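Single-letter residue listing:
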Amino acid sequence: MVRDLLRKHSIAKPDLLCATRGPGMIGSLSAGYNLAKGLAVAWDVPLVGVHHMLGHLLTPRFFQENAEIPKYPFVSLLVSGGHTMLVLSQSTTQHKVLANTMDIAIGDMLDKCARELGITGSMLAKEMEAFISSQPINKPAVDIALQFPNPLQNKQGRTNILAYSFAGFITSLRTNLEKYFPGVARASDLGVEQRRELARRMQHAIFNHVVTKSRKALQHAVEDGLLAAPTTQVPLDFVCAGGVASNMTLRQMLDDKLLKPGFPSDSIKFHFPPPKWCTDNALMIGWAGIELWESAGLYTDLSALPTARWPIEELLDMDGWLKRE
Ligand code: AMP
Ligand code: ZN
């Protein structure tokens, strides 16, 4: 594959090699990282061992076309099938997790709920968005009382927990079914308008949870002095990336509610990078490695090993970093 690629692009050898060093499953990491090491020795070029999350965080800075690139300090909300994380990035190498999921990722839960509602396709939550928006919101076909939770809120003093939790939404979908549609065994057995209304309200509840917790985490970051309060003159760059970030309802809710009340309404500058690039691991890791090499002057010793556990806040605490001359 490497040989074909070099031939195709008429490249003798690259200037720099970037490979994921962690965190993740050690078998997968070793396969890629050891290949990269072999190539680095064979070609005698430097190797950068990149953190997977750093790839997610820095890739939006790659897109310089229409949008301005996010400038430090900026905040990223990563919402995908594998992550739900709010991160404050202060420089190439300094990243603080403001909130993370306590259980599963948001995309995973949206997909589970969509499946429960009988939605089919390869990206279930994406299909669910299309299903919901195919009927205008101002004409609810089903006038029913439904109750969805906003987890980790005011009960039992949990209102200040700066974390997300999605595991309970699938149970609440089933509870609503039992309570309001007795005798219907599965949500997928409901009529199309009922399923659409359930999907709409459930999606709204999940996004409402993300937005309220993100707002709380941002407020705390400002109160703790980690982040200057965003103003109209100096707005905060806010990146929302990952597969779920393509959802228009989520974008609208972030725009409407992320900073209100509390901050001026135009004190945030949203960046929604194109999902097809944000999920391309080769681009993500390549770009993050280039930033580490060029901006931070860092690369990795060839004796360093891939690592399953590597918190993003401890990026530079890992062994093996070398400083470029
Ligand atoms: P990723 O993990 O970044 O590859 O994103 C995949 C996840 O994003 C899956 O859970 C998808 O169902 C979800 N996803 C993709 N498009 C949408 C959308 N328009 N609305 C909500 N979720 C989406
Ligand atoms: Zn990822």
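That block above? That's the structure.
Residues numbered from 1 in each chain as written. Chains lettered and ligands numbered in written order. Predicted model: local features only at pLDDT ≥ 70, side-chain atom pairs only at ≥ 80, totals over all residues. Heavy atoms only, no water.

1. Quick notes on the site of ligand 1
No. 1: Taken together, 14 residues lie near ligand 1, and Gly 81, Asp 111, Glu 129, Gly 243 and Asn 247 sit nearest.
No. 2: Gly 243 places a main-chain nitrogen or oxygen 2.9 Å from an oxygen atom of ligand 1.
No. 3: Burial of ligand 1 by the protein amounts to 85% of the accessible area it has alone, namely 510 Å².
No. 4: When atoms are counted within 2 Å of each cavity's grid points, the one that captures over half of ligand 1 is the second largest pocket.
No. 5: Elements supplying a minimum of two residues to the shell around ligand 1: helix H4 (106-116) and helix H5 (124-133).
No. 6: For the shell around ligand 1, the class distribution of residues is three nonpolar, eight polar and three charged. (Near = heavy atom within 4 Å. Polar contact = N/O pair within 3.5 Å; in protein donor to acceptor, adjacent residues only side chain to side chain. Areas by Shrake-Rupley, 256 points an atom, 1.4 Å probe, with all protein chains shown as cover. 1 Å grid on protein atoms, 1.4 Å probe; cavity = no way out; pocket = protein on both sides within 12 Å on 5 of 7 lines; lining within 4 Å. Sits in = over half its atoms within 2 Å of the grid points. Helix = DSSP H or I, 4+ residues; strand = E, 2+ residues; numbered from the N terminus. Nonpolar A, V, L, I, M, F, W, Y, C, P; charged D, E, K, R; others polar.)

2. Considering the sheet that holds strand S7 (residues 236-241)
No. 1: Taking strand neighbours across the sheet as the criterion, the six strands line up as S6-S5-S4-S3-S7-S8 in an open arrangement whose pairing is mixed. Of all strands in the sheet, those with a lone pairing partner are strand S6 (163-164) and strand S8 (268-271), marking the two edges.
No. 2: Inspection of the sheet shows strand S5 (residues 95-101) paired to S6 by two bridges, in the parallel sense. If you follow Thr 101 over to S6, its bridge partner there is Tyr 164. (Pairing = 2+ DSSP bridges.)

3. What about the packing of H4 against H5?
No. 1: Where H4 contacts H5, the two axes come as close as 8 Å, and the packing angle between them is 60°. One way to sum up the angle between H4 and H5 is to call them oblique. In this structure, H4 crosses over H5, and the sense of that crossing is left-handed. Of the residues in H5, those in contact with Leu 110, Asp 111, Ala 114 and Arg 115 of H4 are Leu 124, Ala 125 and Met 128. (Axes fitted to C-alpha atoms, helices over the stretch in contact; angles between N-to-C directions. Parallel < 35°, antiparallel > 145°, perpendicular 65-115°, else oblique. Left-handed = near helix turned anticlockwise from the far one by under 90°. Contact = heavy atoms within 4.5 Å.)

4. Quick word on the pattern of salt bridges
No. 1: Tallying each qualifying case throughout the model produces ten salt bridges.
No. 2: Each of Glu 197, Arg 200 and Arg 201 takes part in a single network of salt bridges with overlapping partners. (Salt bridge = Lys/Arg side-chain N within 4 Å of Asp/Glu carboxyl O.)

5. A closer look at the pairing of S8
Side-chain direction in a regular strand flips from residue to residue, so the side chains alternate between the two faces of the sheet.
No. 1: Across four bridges, S7 lies against S8 in parallel orientation. The residue of S8 that forms the bridge with Asp 237 is Lys 269.
No. 2: A crossover connection joins S7 to the parallel S8 through helix H8 (residues 248-257); in handedness this β-α-β unit is right-handed. (Right-handed = clockwise from strand over helix to strand, strands pointing away.)

6. Thoughts on the side chain of Thr 101
No. 1: Its place among the elements puts Thr 101 in strand S5.
No. 2: Separated by 2.8 Å, the side chain of Thr 101 and the backbone oxygen of Ile 104 make a polar contact.

7. Some words on the packing of H5 against helix H7 (residues 192-223)
No. 1: In the contact formed by H5 and H7, the axes pass within 9 Å of each other and the chain directions differ by 115°. Like other packed secondary-structure pairs, H5 and H7 cross with a definite hand, here left-handed. Residues Met 128, Glu 129, Phe 131 and Ile 132 of H5 form the contact with H7, whose participating residues are Val 192, Arg 195, Arg 196, Ala 199, Arg 200, Met 202 and Gln 203.
No. 2: Looking at the contact of H5 with H7 residue by residue, the class counts come to six nonpolar, one polar and four charged.

8. Thoughts on the coordination of the zinc ion (ligand 2)
No. 1: At this site the zinc ion (ligand 2) is bound by His 52 (NE2), His 56 (NE2) and His 83 (NE2), with donor distances of 2.1 to 2.2 Å.
No. 2: Going along the chain, you hit the donors of the zinc ion (ligand 2) in the pattern H-x3-H-x26-H. Placement of His 52 in helix H3 (residues 52-58) and of His 83 in the loop between strand S3 (74-79) and strand S4 (84-89) is noted, with a sequence separation of 31 residues between them.
No. 3: Given the relative accessible area of 17%, His 52 is considered buried. (Donors = N, O, S within 2.8 Å, 3.2 Å for Na, K, Ca; no water. Buried < 20%, exposed > 50% of the residue type's maximum accessible area, 1.4 Å probe, protein only.)

9. Quick word on H4
No. 1: Along H4, the residues that are buried comprise Ile 106, Gly 107, Met 109, Leu 110, Cys 113 and Ala 114. The buried residues of H4 all sit within an arc of 160° when viewed along its axis, so they share a single face.
No. 2: Those residues of H4 that are buried lie in contact with S3, S4, H5, helix H6 (169-180) and H7.
No. 3: Of the residues one or two after H4, Gly 118 is the one with positive phi, at around 80°. (Arc of directions from axis to C-beta.)

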